[in-house]
Each structure stands twice: as C-alpha cells, then as structure tokens.
Amino acid sequence: AGAVPAPDVGHLGSFPDAEALAAAARARARSRVVPGSGADADSSFGALSGCPPDSLLDRLGDRTAAVVLQGTAELDGTAVRVWVVAAPDGEQLVAIDGSCRIVVDQPLG
C-alpha cells in the first residue's frame, strides 16, 4: 500500500553488450528510491512493455520485488525495455525485446 511507481529514466543509451548496459543501469539505480510494494513490478512491467505482466514476475519467482528503475535502451542494435528490480537478495537487471523475450537477466551486484 502506498507504493510509488519507479521513475522512468527514459533512454539509457546504446550498449554493445549486457555488461555495459548493467554498468549504466547500476549507476542510474543507485540514486533511486525503492517503491514500498512489490505490486509495482507487475503493473509497471505490463504497462510499459505491452507484454503479459506475469512474464517478469514469473522470472522473479516468489520473491518480494519492487521496481527501482525502468527505461529503454539499445542493446547490440536491438531496442529493449529495461528494469532494475530490488528484491531481498539484491538488485536484478531485466531487459526484454519487442517480442517479450527476456534478453538480459542478471544481478547488478
């Protein structure tokens, strides 16, 4: 209850690989405030991606998660939607392509 949607940071830039994207997302996420509820992960994902909301939440499993950052990027020439999701065991970078396929799924560390 009382969750605040994560800020949409817009376009993060163009990156040759997932590691470069992760570095940029990590830097942007450090200054963000985590929303108060994991329910935002569901609504944010569905609204911004046009993909079924359960795609992201299935990946997260049963963890309580909240979106810290959301935006877009170009990854190796492909447009992707990007989320940094905070869970009890740390932040996770998730990026999906236009086909709702998860192309990056890694801890930010």
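As the structure is a prediction and not an experimental result, all values here were calculated from the model.

**Description of the pattern of salt bridges**
Scanning all chains against the criterion turns up one salt bridge. In this structure, D97 and R101 form a salt bridge, with 3.2 Å as the shortest nitrogen-oxygen distance. Taking relative accessible area as the criterion, D97 reaches 10% and is therefore assigned buried.

**Overview of the nonpolar core**
L12, L21, A73, V82, V84 and L93 are the most contacted members of the largest nonpolar core, which has 19 residues in total. Every element with two or more residues in this core is listed here: β1 (8-15), α1 (18-29), β2 (66-75), β3 (78-87) and β4 (90-96). Those residues in contact with A73, other than ones at most four positions away along the chain, are H11, L12, G13, F15, L21, T78, A79, V80 and V82. If you look at the next biggest cluster of nonpolar residues, it comprises five residues, including C51, V67, W83 and V85.

**Quick notes on unusual backbone geometry**
Positive phi, close to 50°, is recorded for D76, a residue that is not glycine. Locating D76 in the fold gives a position in the loop between β2 and β3. Despite not being glycine, C100 has its phi angle at roughly 65°, a positive value. Tracing the sequence through the fold places C100 in the loop between β4 and β5 (102-107).

**Remarks on the pairing of β5**
For β4 and β5, the ladder comprises five bridges, and the chain directions are antiparallel. Its bridge partner lying in β5, V94 is registered against D105. A loop of five residues connects β4 with β5, the two strands running antiparallel in sequence, and C100 in this loop sits at a positive phi of about 65°.

**Things to note about the confidence of the model for the protein chain**
The pLDDT averaged across the protein chain works out to 75; a share of 61% of its residues lies at or above 70. Taken element by element, the protein chain is modelled with least confidence in helix α2 (residues 39-49), mean pLDDT 55, and with most confidence in α1, mean pLDDT 90. Low pLDDT (under 50) marks residues 34-39, which in the prediction has 18 contacts with non-local residues, meaning those over four places away or in another chain.

**Quick notes on the pairing of β2**
For β2, a buried count of eight out of ten residues is recorded, marking the element as mostly surrounded by other parts of the structure. Bridge analysis of β2 against β3 gives nine bridges, and the strand direction is antiparallel. Looking at the pairing, L69 lines up with V84 of β3.

What counts, and at which threshold
Residues numbered from 1 in each chain as written. Predicted model: local features only at pLDDT ≥ 70, side-chain atom pairs only at ≥ 80, totals over all residues. Heavy atoms only, no water. Salt bridge = Lys/Arg side-chain N within 4 Å of Asp/Glu carboxyl O. Buried < 20%, exposed > 50% of the residue type's maximum accessible area, 1.4 Å probe, protein only. Core = buried A, V, L, I, M, F, W, Y, C linked by side-chain atoms within 4.5 Å. Helix = DSSP H or I, 4+ residues; strand = E, 2+ residues; numbered from the N terminus. Contact = heavy atoms within 4.5 Å. Pairing = 2+ DSSP bridges. pLDDT = per-residue confidence, 0-100.

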